[in-house]
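For reference, the chains in residue letters:
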Amino acid sequence: MSSFFDTLRWLAPFWRPFRWRLIFMVVLTPVAVLFNVWSPLFIKRIFDALQAGSLNTAFLAQQVGIILALGVGYFLLNMALQSLRGLTNFDFENAFRLRLVGVILQLGRGFFYRFRTGDVTTRLIDDISEKKLGWFACSGVFRFYQALVTVLASLVFMVRLNLTLTLVSLVPLIFVVAYYIISSERTVSYSRSSQESISEVNAYLTATLDGIRVLKAYGQEEQAIGSFNQVVNTRIEKELALTKVSAFLEIAYSRFSELGMLSVFLVGGWLVIQGQLSLGTLVAFNTYIFMLIWPMVDVGQFFIKGRQASVSVERVRELEDYPPEIIQSSDPLSFPTGSLTLRFAGVHYGFADTHGLKSALKDVNFEVSSGQTTALAGEIGSGKSLLLDMVPRMIEPQQGLIYLNDRPLGDYDLHALRQHIGFVSQTPSLFSASLRENILFGQDFGSETTSRLEEALATAQFSEELLRFDEGLDTLVGQRGVRLSGGQRQRIAIARALIARPSILILDDCTSALDAETEAKFWVALHRFNPHMLVLLVTHRLHTLQQSQQVVLLEAGQILMRAQGNEVVHHERFRALYMNPQT
């Protein structure tokens, strides 16, 4: 039961913003229930009058009118409650999802090594959906509350009518409680297996669709279909198992309630025959028993869905409890104005493997200033991209520090730091939107938007190519930019990095798909765009190295040497790496 109450504690902060709506439901529910539980008393009067031979048309019309009025009132109030619960379910689902997305956006790359994209998607969509955790947060709790109020109010009236019949009708509740205790752990186990199987399906789909072109190129369609079939069959088996258990439990709860009804018929009928109970009382009692069947089902649903919700909360909390790698300073500094100096001081970083910690960067020391372009060179796996990721604090050095104007990067406001950095990765990420939306990336520059777009596109050498698109900047690029070539994707990513006119520009081998002429034009245009910008780049092209003021050569995570760009051809190591017969 501890996990069940943990679920309620986890939900409590989400209830506070909706407290007035919830208070309204708390107050309105007993009123609606009262309209419902009064009706059997007027039914009793009719049958008692019939048994006594005093029933007349006027009395019958009066009682039936009251019963109809109570029924209409209950219907309207109950409809209002159901509509409000449904709306609140969706509001809770949205609140859960926003909070979880906010948490995920603060996590580092280690999180994405541990959790697959499909698994994260399942927890974001299915676990907190309106049919699961979103439903339980409002409808599950308040239907239980309404059921509880109905049961208690009915019992008050039933005790007043006949204590013996009330006790007889309560006997099945003992079996209900015992059955719940026995079955609850089984429900949790099946729920967890079901959610994990959904994660497997989503993870498989994400991986397969991302690599669909490679899959087709190697003729692996049949194997992919076979593997997907296995994953889906497992998912079906797990879901069927959960459905069978849940259905059996729900049926059992309602059948136990019906046992109470049969007991009342048996004992109550005997009392009527013996003259110890009026016919009206038995009919009223029978009405209350019928009235309790669905509330008892809702009570059962609350505990069944509550156990399933606890599984979803556990899965969500696994994401929430993952330790953040990037910590915001408690008293952050504003981003500095004017000239910038970025200094790497004794930077170390390593990855854990089966043999311990494998060093990826060791004692890296160098400095770069505004108006200067520094290129990182070296073989694949020498740590170049790792160093670039440390500047916007995607990862942190495990030892050593990076200083910006003689203050550690961690002292600055993280959001402000990243706002002043333009970043283009090795594999540009484009979104299923238009060219304009991919470049602006949610930023609004007001009246300057058009001029900034033109400036960024011209610098990225995409202005002329844009004319070939019939819809211009409104052209949709498709999933991950599939409708664009590699070079076009790189230039759109460059334009996105430049449109905010960043103080620091990071380019991670982002011109590899450009031809030599286009790349040469880009570097000239970039220097004109902002000659005072601090530029850090990775490249495998000798010409680009020669355009840089400083070149840092890395080997196995260590700085092997530093040189000016126009001197690299005179160094043997650079010639070995970058000068070959094709060059």
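Owing to the predicted nature of the structure, the values given are computational and were not obtained by experimental measurement.

Enquirer: Hey, could you go over the overall build of the protein for me, with residue numbers and the actual values?
Expert: Within the protein, the regular secondary structure consists of 19 helices and 10 strands. Compactness check: the protein gives a C-alpha radius of gyration of 35 Å against a globular reference of 25 Å for 583 residues, more than 25% above the reference. With the C-alpha coordinates of the protein rotated into their principal frame, the extents come out at 120 × 55 × 50 Å. When contacts within the protein are restricted to residue pairs at least 6 apart in sequence, long-range pairs at least 24 apart make up 77% of them. In the form shown here, the protein has an accessible surface area of approximately 29,600 Å², with 59% of it arising from carbon and sulfur atoms. Charge-centre separation for the protein: the mean point of 51 positive side chains lies 6 Å from the mean point of 52 negative side chains.

Enquirer: Lay out a nonpolar patch on the surface with the relevant residues and their values.
Expert: A contiguous nonpolar surface patch, about 410 Å² in accessible area, is contributed by Leu50, Leu55, Leu60, Val64 and Leu68. Ranked by the residues each element gives to the nonpolar patch, the list is headed by helix α3 (residues 57–105), at three residues. Looking at the secondary structure, you find Val64 in helix α3.

Enquirer: Which residues make up the packing of aromatic side chains, and what values go with them?
Expert: Following the criterion strictly, the structure yields 16 aromatic pairs and no others. Each ring, one from Phe111 and one from Phe115, has its centre 4.9 Å from the other, and the planes form 35 degrees; the classification is tilted. There is no split in this pair, since Phe111 and Phe115 are both buried.

Enquirer: Which residues make up helix α6 (residues 133–161), and what are the values?
Expert: Look at α6: 40 Å from first C-alpha to last across 29 residues, which is about the 42 Å you get at 1.5 Å a residue. Ser139 marks where α6 bends most, by close to 35 degrees. Taking burial as the measure, the 29 residues of α6 include 22 buried ones, the bulk of the element.

Enquirer: Outline the side chain of Thr122, supporting the account with residue identities and numerical values.
Expert: Mapped onto the fold, Thr122 is located in helix α5 (residues 117–125). Not counting chain neighbours up to four residues away, the residues in contact with Thr122 comprise Asp127, Gln195, Ile198, Ser199, Asn202 and Arg315.

Enquirer: Got a sec to walk through the sheet that holds strand β9 (residues 550–555)? Specific residues and values, please.
Expert: The six strands are arranged β6-β7-β8-β3-β9-β10 in an open sheet whose pairing can be described as mixed. Each having just a single partner strand, β6 (421–424) and β10 (558–563) make up the two edges of the open sheet. With direction set aside, neighbouring strand axes in the sheet form an average angle of 15 degrees. Of the pairings in the sheet, the one linking strand β7 (residues 504–508) to strand β8 (residues 534–538) comprises five bridges and is parallel in character. If you follow Ile506 over to β8, its bridge partner there is Leu536.

Enquirer: Please set out the pattern of salt bridges residue by residue, giving values where relevant.
Expert: Two side chains carrying opposite charge are able to pair once their charged atoms lie near each other. Per the counting criterion, the structure on display carries 20 salt bridges. The salt bridge partner of Arg315 is Asp119, with a shortest N-O separation of 3.7 Å. Here Arg315 is found in helix α10 (residues 279–320), whereas its partner Asp119 is found in helix α5, with 196 residues between them in sequence. For Arg315, a relative accessible area of 6% gives the class buried. Taking the shortest distance from any N to any O, the salt bridge between Glu448 and Arg501 comes out at 4.0 Å. Residue Glu448 is located in the loop between α13 (435–440) and α14 (449–459), and its partner Arg501 is located in the loop between α16 (486–498) and β7; the two are separated by 53 residues in the primary sequence. Exposure remark for Arg501: the relative accessible area of 38% places this residue in the partly exposed category. Several salt bridges converge on common partners, so that one network encompasses Asp119, Arg123, Asp127, Arg315 and Glu318.

Enquirer: I'd love a proper account of α3, names of residues and values included.
Expert: Taking 1.5 Å of rise per residue, the 49 residues of α3 would be expected to cover 72 Å, and the 72 Å separating its terminal C-alpha atoms lies within 8% of that figure. With a side-chain oxygen lying 3.3 Å from the backbone nitrogen of Ala58, the N-terminal cap of α3 falls on Asn56.

Enquirer: Got a sec to walk through the pairing of β8? Specific residues and values, please.
Expert: Within β8, five of the five residues are buried, which leaves it mostly tucked inside the rest of the structure. What you see with β8 is no split at all: Leu534, Leu536 and Val538 on one side and Val535 and Leu537 on the other are buried throughout. The pairing of strand β3 (residues 373–378) with β8 spans four bridges and is parallel. Of the residues in β8, the one forming a bridge with Leu376 is Val538.

Enquirer: Outline the packing of α3 against α6, supporting the account with residue identities and numerical values.
Expert: Two numbers describe how α3 lies on α6: the axes approach to 7 Å, and their chain directions differ by 150 degrees. By the criterion of interaxial angle, the relationship of α3 to α6 is roughly antiparallel. Two packed elements cross with a definite hand, and for α3 against α6 that hand is right-handed. On α6, the residues that touch Tyr74, Asn78, Leu81, Arg85, Thr88, Asn89, Phe92 and Phe96 of α3 are Leu133, Gly134, Trp135, Ala137, Cys138, Ser139, Phe142, Arg143 and Gln146.

Enquirer: Which residues make up the environment of Phe351, and what values do they have?
Expert: Here Phe351 lies in strand β1 (residues 341–353). Classification of Phe351 as partly exposed rests on a relative accessible area of 33%. Through-space distance from the C-alpha of Phe351 to that of Leu361 is 9.8 Å; in sequence the pair is 10 residues apart.

Criteria and cut-off values
- Residues numbered from 1 in each chain as written.
- Predicted model: local features only at pLDDT ≥ 70, side-chain atom pairs only at ≥ 80, totals over all residues.
- Heavy atoms only, no water.
- Helix = DSSP H or I, 4+ residues; strand = E, 2+ residues; numbered from the N terminus.
- Rg over C-alpha atoms; globule rule 2.2 N^0.38 Å.
- Contact = heavy atoms within 4.5 Å.
- Areas by Shrake-Rupley, 256 points an atom, 1.4 Å probe, with all protein chains shown as cover.
- Lys, Arg positive; Asp, Glu negative; His and termini not counted.
- Charge placed at Lys NZ, Arg CZ, Asp CG, Glu CD.
- Patch = residues over 30% accessible without salt bridge, like charges linked within 9 Å, V, L, I, M, F, W, Y side chains within 5 Å.
- Salt bridge = Lys/Arg side-chain N within 4 Å of Asp/Glu carboxyl O.
- Phe/Tyr/Trp six-rings, centres within 6.5 Å; stacked < 30°, edge-to-face > 60°.
- Buried < 20%, exposed > 50% of the residue type's maximum accessible area, 1.4 Å probe, protein only.
- Expected span 1.5 Å × (residues − 1).
- Bend = angle between axes of the 7 residues up to and from the residue.
- Pairing = 2+ DSSP bridges.
- Axes fitted to C-alpha atoms, helices over the stretch in contact; angles between N-to-C directions.
- Polar contact = N/O pair within 3.5 Å; in protein donor to acceptor, adjacent residues only side chain to side chain.
- Parallel < 35°, antiparallel > 145°, perpendicular 65-115°, else oblique.
- Left-handed = near helix turned anticlockwise from the far one by under 90°.

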